[in-house]
Amino acid sequence: MSPHKHSPQHHSARLRSHQPSGGALIDAQGREIPITEGMIQKACRLLDKTWVAAPRQPPADERRTDD
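Computed from a predicted structure; not experimentally measured.

1. Section: the confidence of the model for the protein chain
Here is step 1 of the chain: Here the protein chain averages 78 in pLDDT, and 63% of its residues register 70 or above.
Here is step 2 of the chain: Predicted confidence in the protein chain is weakest over helix H1 (residues 8-17), with a mean pLDDT of 55, and strongest over helix H2 (residues 37-50), with 94.

2. Some details on the pattern of salt bridges
Here is step 1 of the chain: For the structure on display, the rule yields one salt bridge.
Here is step 2 of the chain: Here Asp 27 makes a salt bridge to Arg 31, at a shortest N to O gap of 2.7 Å.

3. Describing a nonpolar patch on the surface
Here is step 1 of the chain: On the surface, a cluster of nonpolar side chains totalling about 230 Å² of accessible area is made up of Leu 25, Ile 33 and Met 39.
Here is step 2 of the chain: Looking at where Met 39 falls in the secondary structure, it is placed in helix H2.
Here is step 3 of the chain: Look at Met 39 and you get partly exposed, because its relative accessible area is 33%.

4. Examining the environment of Ile 33
Here is step 1 of the chain: With respect to the helices, strands and loops of the structure, Ile 33 is situated in strand E2 (residues 32-36).
Here is step 2 of the chain: Sequence separation between Ile 33 and Gly 23 is ten residues, and the spatial gap between their C-alpha atoms is 8.6 Å.
Here is step 3 of the chain: Here Ile 33 is in contact with Gly 23, Ala 24, Leu 25 and Asp 27, once residues within four sequence places are set aside.

Calculation rules
Along every chain, residues carry numbers that run from 1 in the direction the sequence is written. For this predicted model, a pLDDT threshold of at least 70 governs which residues receive local features, and a threshold of 80 or more governs which side-chain atom pairs are given and counted, while totals over whole chains, interfaces and linings are taken from all residues. Each side-chain value is worked out from all heavy atoms of the structure, with water and hydrogens disregarded. pLDDT: the predictor's confidence for each residue, scored from 0 to 100. Runs of H or I in DSSP of at least four residues are treated as helices and runs of E of at least two as strands, each being numbered from the N terminus. For this analysis, a salt bridge means a side-chain nitrogen from Lys or Arg found within 4 Å of a carboxyl oxygen belonging to Asp or Glu. A patch is a set of surface residues, each over 30% in relative accessible area and not in a salt bridge, joined within 9 Å for like charges and within 5 Å for the nonpolar side chains Val, Leu, Ile, Met, Phe, Trp and Tyr. Methods summary: accessible areas were calculated by the Shrake-Rupley approach with a probe of 1.4 Å, and residue burial reflects only the protein chains presented. When a residue's accessible area, from a 1.4 Å probe over protein chains only, is under 20% of the maximum for its type it is buried; when over 50% it is exposed; and in between it is partly exposed. In this analysis, two residues are considered to be in contact whenever any of their non-hydrogen atoms come within 4.5 Å of each other.

The following block contains the structure:
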């Protein structure tokens, strides 16, 4: 296989990314927009980039109470 040709697996994965996943969004005009695997992957990449861990809190038995 030459380095310029795509493998069948790569081609089918690209096609799959544009096929609907079974869900849909409703836009401002009320149109249904199918959610594709590519849309889900893009959203996951964005979450990976912007995710921030919550601040750690001490265990419940170490927290002070003002009784």
